[in-house]
Amino acid sequence: MSNNLLAGKRGVISGALNEQSIAWKVAEKCVEQGATIVLTNAPVAMRMGEIKGLSERLNAEVISCDATNMEDLNNLFSRSQEILGGKLDFVLHSIGMSVNVRKGKHYTDLNHEWTKQTMDISAMSFHKMMQVLYKQDAMADWGSIVGLTYMAAQRVFPDYNEMADAKAMLESIGRSFGYHFGVKNHVRVNTISQSPTWTTAGSGVKGFKEFFDYAQKMSPLGNAPAEACADYCISLFSDFTRFVTMQNLFHDGGFSNMGMNPAVLGL
Ligand SMILES: NC(=O)c1ccc[n+]([C@@H]2O[C@H](COP(=O)([O-])OP(=O)(O)OC[C@H]3O[C@@H](n4cnc5c(N)ncnc54)[C@H](O)[C@@H]3O)[C@@H](O)[C@H]2O)c1
């Protein structure tokens, strides 16, 4: 159902790989709420092709961009402003990847070259995006930038591996840039710390099913699904959250504040 919360707004959504992607749901809901958007993903994801169907359905252009590449990012945000006809009201960073996780490398035996890649793709790309947006003066006054993160930034989830360190960095970048963007032109920057979610990135983590089930039981509201995460993103892109900035916002059914839930112990 649409309330036209984003009527007249322009935005860029990264990270829609397939129907399971959190960004996929965000893109759908942005358009449903009256926004016009540009979709973007890494060249390799574009070759997989599913994003084309979404782009046609939402009447949204797709721009190929490796989020670690400054030239690509400069092109992404200048082209997006041309296509959408003005400055951007919102941007979603929904990007994460770890070669160590993919290849089953243990945290005590990391390949540090791959770790550098993880940090670049999963954390520094958030800074790179914002630096380009800042220098191009591409964000409209009172705009909103959101990054997606996970609670392993605060607590230990051993199989999340070095992605935990990347998420800690991502959240810190959100706070630091939130200051500079706020002072510049009232742009807010927040991260959403989402429940475990069945996506390509999520299910790549070892023991994901068991952990998903555990978090489901532990959270009084259950795990937050991708659709609900998209709703939360919409609220942060809307004018109803204009003074929320530099926050890491838990969207996890209450998981992060639980100590023990009898349901987990079968009581
Ligand atoms: N799935 C979960 O359990 C969960 C929980 C909390 C947070 N998150 C975060 O949500 C975000 C989105 O992940 P998702 O779960 O929707 O999975 P996903 O696999 O659908 O999305 C990850 C995206 O990152 C993109 N990407 C990878 N390298 C890139 C690069 N160099 N340049 C541009 N894009 C690149 C991929 O193409 C993909 O679209 C990630 O930041 C992830 O860490 C996921």
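Further up the page is the structure itself.
Just so you know, these numbers come straight off a predicted model, no measurement behind them. (Residues numbered from 1 in each chain as written. Predicted model: local features only at pLDDT ≥ 70, side-chain atom pairs only at ≥ 80, totals over all residues.)

## Examining the nonpolar core
Line of reasoning, step 1. Counting residues in hydrophobic clusters, the biggest one holds 68 residues, and the most contacted among them are Ile13, Ala27, Ile37 and Cys233.
Line of reasoning, step 2. Look past the residues within four positions of Ala27 in its chain and what remains in contact with it is Ile13, Ala16, Ile37, Leu39, Leu54, Leu58 and Ala60. (Core = buried A, V, L, I, M, F, W, Y, C linked by C-beta atoms within 7 Å. Buried ≥ 20, exposed ≤ 12 C-beta atoms within 10 Å, placed from the backbone. Contact = placed C-beta atoms within 7 Å.)

## Section: helix α1 (residues 22-32)
Line of reasoning, step 1. Burial analysis of α1 places nine of its eleven residues in the buried class, the great majority of the element.
Line of reasoning, step 2. Turning to α1, its buried residues are Ile22, Ala23, Trp24, Lys25, Val26, Ala27, Lys29, Cys30 and Val31.
Line of reasoning, step 3. Positive phi shows up at Gly34, right after α1, with a value of about 100 degrees. (Helix = DSSP H or I, 4+ residues; strand = E, 2+ residues; numbered from the N terminus.)

## Structural notes on the site of the ligand
Line of reasoning, step 1. Near the ligand lie 27 residues; those nearest to it are Ser21, Gly96, Thr199, Ala201 and Gly202.
Line of reasoning, step 2. For the shell around the ligand, the secondary structure elements donating two or more residues are α1, β5 (139-149) and α8 (200-203).
Line of reasoning, step 3. For the shell around the ligand, the residue count by class is 13 nonpolar, 13 polar and one charged. (Near = placed C-beta within 6 Å. Nonpolar A, V, L, I, M, F, W, Y, C, P; charged D, E, K, R; others polar.)

## Some remarks on the sheet that holds strand β4 (residues 88-93)
Line of reasoning, step 1. The strand order across the open sheet formed by seven strands is β3-β2-β1-β4-β5-β6-β7, and the pairing between neighbours is parallel. Each having just a single partner strand, β3 (62-64) and β7 (248-251) make up the two edges of the open sheet. Across this sheet, the average inter-strand angle for adjacent strands is 20 degrees, counted without regard to direction.
Line of reasoning, step 2. Pairing of strand β1 (residues 10-14) with strand β2 (residues 36-41) involves five bridges; the strand directions are parallel. Bridged to Ile13 within β2 is Leu39. (Pairing = 2+ DSSP bridges. Axes fitted to C-alpha atoms, helices over the stretch in contact; angles between N-to-C directions.)

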